[in-house]
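# Summary of the model geometry
Okay, here's what each chain looks like letter by letter:
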Amino acid sequence: QVQLVESGGGLVQAGGSLRLSCAASGRTFSSYAMGWFRQAPGKEREFVAAISWSGYNTYYADSVKGRFTISRDHAKNTVYLQMNSLKPEDTAVYYCAASWAGSSPDRVDEYDYWGQGTQVTVSS
């Protein structure tokens, strides 16, 4: 069992930065691939970024590539999403998720556990 708690969301102007954190409980955290997804009002949940259990492999949606960076700290059981050059279209609830299989990191149904989400709002 893995419990995930996101933090770090907020209101920021376009061009600004935020860092999201996802704190995980459970001794098997290091065995899970981790992902970030987001969901804007009236839209489906979409993939943002993912990182393998080792941290060596990272994956990004085209819309955030070059602006967002995913990382993980095994000692702190935490995954981060550094978001730079934010745009109004990045506005959404951001969710952290954990995947045991880790074979298709961009698929919502790949993930076994989800956090409650944190709101990110980017003003123009």
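Scroll up to find the structure this text is about.
I will try to describe carefully the structure that is included in this document. (Residues numbered from 1 in each chain as written. Predicted model: local features only at pLDDT ≥ 70, side-chain atom pairs only at ≥ 80, totals over all residues. Heavy atoms only, no water.)

### Considering unusual backbone geometry
The phi dihedral of Asn 77 is positive, around 55°, even though this residue is not glycine. For Asn 77, the position within the fold is in the loop between strand 7 (68-73) and strand 8 (78-83). Phi at Ser 85 is positive, roughly 50°, even though this residue is not glycine. When you line up the elements, Ser 85 lands in the loop between strand 8 and strand 9 (92-99). (Helix = DSSP H or I, 4+ residues; strand = E, 2+ residues; numbered from the N terminus.)

### Notes on the side chain of Ser 52
Here Ser 52 shows up in the loop between strand 5 (46-51) and strand 6 (58-60). Contact partners of Ser 52, with chain neighbours within four places excluded, come to Ala 33, Asn 57 and Arg 72. (Contact = heavy atoms within 4.5 Å.)

### A closer look at the environment of Val 79
Among the structural elements, Val 79 can be located in strand 8. Since its relative accessible area comes to 0%, Val 79 is described here as buried. It is 8.6 Å that separates the C-alpha atoms of Val 79 and Gly 35, two residues lying 44 residues apart in sequence. Setting aside chain neighbours within four positions, we find Val 79 in contact with Leu 20, Ser 21, Cys 22, Phe 29, Met 34, Trp 36, Ile 70, Ser 71 and Arg 72. (Buried < 20%, exposed > 50% of the residue type's maximum accessible area, 1.4 Å probe, protein only.)

### Examining the packing of aromatic side chains
What describes a pair of aromatic rings is the distance from one ring centre to the other and the angle between the planes of the rings. Taken as a whole and assessed by the stated rule, the structure comprises 6 aromatic pairs. Here the aromatic rings of Phe 37 and Tyr 111 are separated by 5.1 Å at their centres, their planes lie at 80°, and the arrangement is edge-to-face. Separated by 74 residues along the polypeptide, Phe 37 in strand 4 (residues 33-39) and Tyr 111 in the loop between strand 9 and strand 10 (113-114) bring together distant segments of the chain. Side by side, Phe 37 and Tyr 111 carry an identical accessibility label, which is buried. (Phe/Tyr/Trp six-rings, centres within 6.5 Å; stacked < 30°, edge-to-face > 60°.)

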